[in-house]
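Chain by chain, the residues:
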Amino acid sequence: MRFLLLIILFTFSLLSFGQIQRCSTDEYREVLKEKFMYNSHKKQDKRQFFYPSNGNYDIPVVVHVLYNNDEQNISDDRIFSQIETLNNDYNALNIEINDIPEEFQSVIATVGFNFCLVQEDLNGSPFSGINRVYTDSESFQGFSDDMKKSEEGGVDPWDVHNYLNIWVCDLNGNTLGFSTMPDDLFAFPEKDGIVIDYEYFGVDLSSTSPYNLGRTATHEVGHYFNLEHTFSSGCSDWGGDGCDDTPAVQYATYGCPSYPQESCSSNDMTMNYMDYTNDACMSMFTVCQAERMIDALLTYRTNLIASSNCSVSVDDFVSSNHISIFPNPVIDFLNIDIQNNFVTIFNIYGQKIMYEYILDNNKLDVSTLSAGTYIISVDMGHYKFTKE
């Protein structure tokens, strides 16, 4: 009865204010408590965490797209754009970084998380990292977790210890997404992961929504790695988000406010990814937030970085089966010790971006590729190279 009352009150609040529910992680956590499914582990205090300045961690991602119609079955490009947004935001490579006010510049952090779609399925076969599943359910009530269960019209997660599962579906009401936090569901691991409404996943420049740049996933992944909202305790000294370098904020910030905005006797960090501003007005994590996320990864989600299924399976050395590929890194022409054969080049998201036939000159022009890491598939082998 209390659970039903909570749902009714939450639904009524959404209808009353007619406002998008930017994130429902807090409400989801309350529902778990009502169901006696929540693991009430002690919140981390404000303290120093392990934060290597050169940390670089690969996070394998499986995106489950649940669709009842063509509109819900979002394109591969939307999904690739979401992975790119995550990688930019978690490595301080987003274009908005230079617009952050000077008073916050010193605490901008590079988290060092690299997200990639897994390239093998659970049987070891080639896979895109995108699991598309038709469902008879037109939409899902978020707190039911039905999207995470095949028998309820959803799809069961991949091993939650080894993969970050993201369900993309049509969510009832006007919530954008929600996430589990580390160890919240110790006894119910099959519910661990992130859920995002299909309209707000990835970059969709054709949308008029202020939440069309993929920052919902950036925000929810923050929760997945143990970040609280910056406004979680308002101006109170109790609790808070566990970080001294995020100024206390009295309320959640909506829209795209000008700087400065003041509450709790200090300027608000409205551009923090863990507030509620529009996608275009979010731009940073702080050093403490990065420390908390790395600590969560190394404490609660260690198997994510132990997984070897984060990218196309490649040899550590760029020579095998009598085929050599050089130079590596390369600027313009890649020399391949093969003749009269096709080669295929993939980016780190698994997209095929080049397919060429090599004649007898052994050279492949890669000068038009952007700088980055690529996979070349030739003669049944896969090899990694870097384009400068």
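Everything discussed here concerns the structure shown above.
Residues numbered from 1 in each chain as written. Predicted model: local features only at pLDDT ≥ 70, side-chain atom pairs only at ≥ 80, totals over all residues. Heavy atoms only, no water.

Enquirer: Would you mind showing me how to read the nonpolar core here?
Expert: Across soluble globular proteins, nonpolar side chains have a tendency to be buried as a group. Among the nonpolar cores identified, the biggest contains 38 residues, and Y90, F113, F115, L164 and F225 are the most heavily contacted of them. Put simply, the parts of the chain that give this core at least two residues each are β1 (57-67), α3 (76-89), β2 (113-117), β4 (164-169), β6 (194-197), α5 (215-224) and α6 (287-299). The leading source of residues in this core is β1, at five residues. Contact partners of L164, with chain neighbours within four places excluded, come to I59, P60, V61, V62, F115, I194, V221, Y224 and L304. Counting 18 residues, the second-largest nonpolar core is a separate cluster that includes I323, L364, V366 and V378. (Core = buried A, V, L, I, M, F, W, Y, C linked by side-chain atoms within 4.5 Å. Buried < 20%, exposed > 50% of the residue type's maximum accessible area, 1.4 Å probe, protein only. Helix = DSSP H or I, 4+ residues; strand = E, 2+ residues; numbered from the N terminus. Contact = heavy atoms within 4.5 Å.)

Enquirer: Mind showing me how you'd approach the packing of aromatic side chains here?
Expert: We describe a pair of aromatic rings using the distance from one ring centre to the other and the angle between the two ring planes. In the structure shown here, the tally under the stated rule is 20 aromatic pairs. Aromatic pair Y90 and F115: ring centres 5.2 Å apart, planes at 75 degrees, arrangement edge-to-face. Residue Y90 is found in the loop between α3 and α4 (102-105), and its partner F115 is found in strand β2; the two are separated by 25 residues along the sequence. Among the residues examined, F115 registers a relative accessible area of 1% and is labelled buried. Taken together, Y57, Y90, F113, F115, Y224, F225, Y273 and F285 form an aromatic cluster joined through their ring pairs. (Phe/Tyr/Trp six-rings, centres within 6.5 Å; stacked < 30°, edge-to-face > 60°.)

Enquirer: I'm lost on the state of the cysteines in this one. Help?
Expert: Disulfide: a covalent bond connecting the sulfur atoms of a pair of cysteines. Overall, the coordinates contain three disulfides when judged by the stated rule. A sulfur-sulfur distance of 1.9 Å marks the disulfide that ties C235 to C264. On the sign convention where negative is left-handed, the bridge of C235 and C264, at about -85 degrees about the S-S bond, is left-handed. With C235 in the loop between α5 and β7 (262-263) and C264 in the loop between β7 and β8 (266-267), this residue pair connects regions lying 29 residues apart in the sequence. Here C256 engages in a disulfide with C281; their sulfurs sit 1.6 Å apart. Judged by the sign of its S-S torsion, about -80 degrees, the bond between C256 and C281 is left-handed. One end of the pair, C256, is in the loop between α5 and β7; the other, C281, is in the loop between β8 and α6, and 25 residues separate them in sequence. (Disulfide = S-S within 2.5 Å.)

Enquirer: Could you clarify how one ought to interpret the pattern of salt bridges in this entry?
Expert: Pairing is possible between side chains of opposite charge, provided their charged atoms come close. For the coordinates displayed, the defined rule picks out eleven salt bridges. Here D76 ties to R132 by a salt bridge, and the two come within 2.6 Å at their closest N and O atoms. Of this pair, D76 sits in helix α3 while R132 sits in strand β3 (residues 130-134), placing them 56 residues apart in sequence. On the basis of relative accessible area, D76 is assigned to the partly exposed category, the value being 36%. The class of R132 is partly exposed, set by a relative accessible area of 31%. The shortest N-O distance in the salt bridge between R215 and E96 comes to 3.0 Å. Of this pair, R215 sits in helix α5 while E96 sits in the loop between α3 and α4, and the two are 119 residues apart along the sequence. Given the relative accessible area of 15%, E96 is considered buried. (Salt bridge = Lys/Arg side-chain N within 4 Å of Asp/Glu carboxyl O.)

Enquirer: Looking at this structure, I do not really get a nonpolar patch on the surface. What am I missing?
Expert: Taken together, the side chains of F342, Y355, Y357 and L359 present a nonpolar region at the surface, about 420 Å² in accessible area. The class for Y355 is partly exposed, based on a relative accessible area of 47%. (Patch = residues over 30% accessible without salt bridge, like charges linked within 9 Å, V, L, I, M, F, W, Y side chains within 5 Å. Areas by Shrake-Rupley, 256 points an atom, 1.4 Å probe, with all protein chains shown as cover.)

Enquirer: What is the right way to read α5 from this model?
Expert: Owing to its 3.6 residues per turn, the α-helix brings residues three or four apart onto one side. Across the ten residues of α5, ten count as buried, placing the element largely inside the fold. Of the residues flanking the end of α5, it is N226, one or two places downstream, whose phi is positive at about 85 degrees.

Enquirer: Can you help me understand the environment of T286 in this one?
Expert: Relative to the helices and strands, T286 resides in the loop between β8 and α6. In this structure the C-alpha to C-alpha distance between T286 and V111, which are 175 residues apart in sequence, comes to 8.9 Å. If we ignore the near neighbours within four places in the chain, the residues touching T286 are V107, A109, D245, T246, M269 and N272. Only 2.9 Å separates the side chain of T286 from the side chain of D245, close enough to count as a polar contact. (Polar contact = N/O pair within 3.5 Å; in protein donor to acceptor, adjacent residues only side chain to side chain.)

Enquirer: Quick question: what am I supposed to make of the environment of L227 here?
Expert: When you line up the elements, L227 lands in the loop between α5 and β7. When near neighbours in sequence (up to four residues on either side) are disregarded, L227 contacts M181, G222, M274, F285, Q289, R292 and M293.

Enquirer: What is the right way to read α6 from this model?
Expert: In this model, α6 (13 residues) spans 18 Å end to end at C-alpha, consistent with the 18 Å of a helix rising 1.5 Å per residue. Extensive coverage of α6 is indicated by the burial of ten of its 13 residues. Listed in full, the buried residues belonging to α6 are C288, Q289, A290, E291, R292, M293, I294, D295, A296 and L297. (Expected span 1.5 Å × (residues − 1).)

Enquirer: Explain unusual backbone geometry here, please?
Expert: Cis geometry marks the peptide bond from Y259 to P260, where omega comes out at 0 degrees. Turning to its location among the elements, P260 is positioned in the loop between α5 and β7. A positive phi angle, close to 65 degrees, is found at D145, a residue other than glycine. As for its position among the elements, D145 is in the loop between β3 and β4. Here D145 falls in the buried class, since its relative accessible area comes to 1%. Phi at D183 takes a positive value of approximately 70 degrees, unusual for a residue other than glycine. Take D183: it is sitting in the loop between β5 (177-179) and β6.

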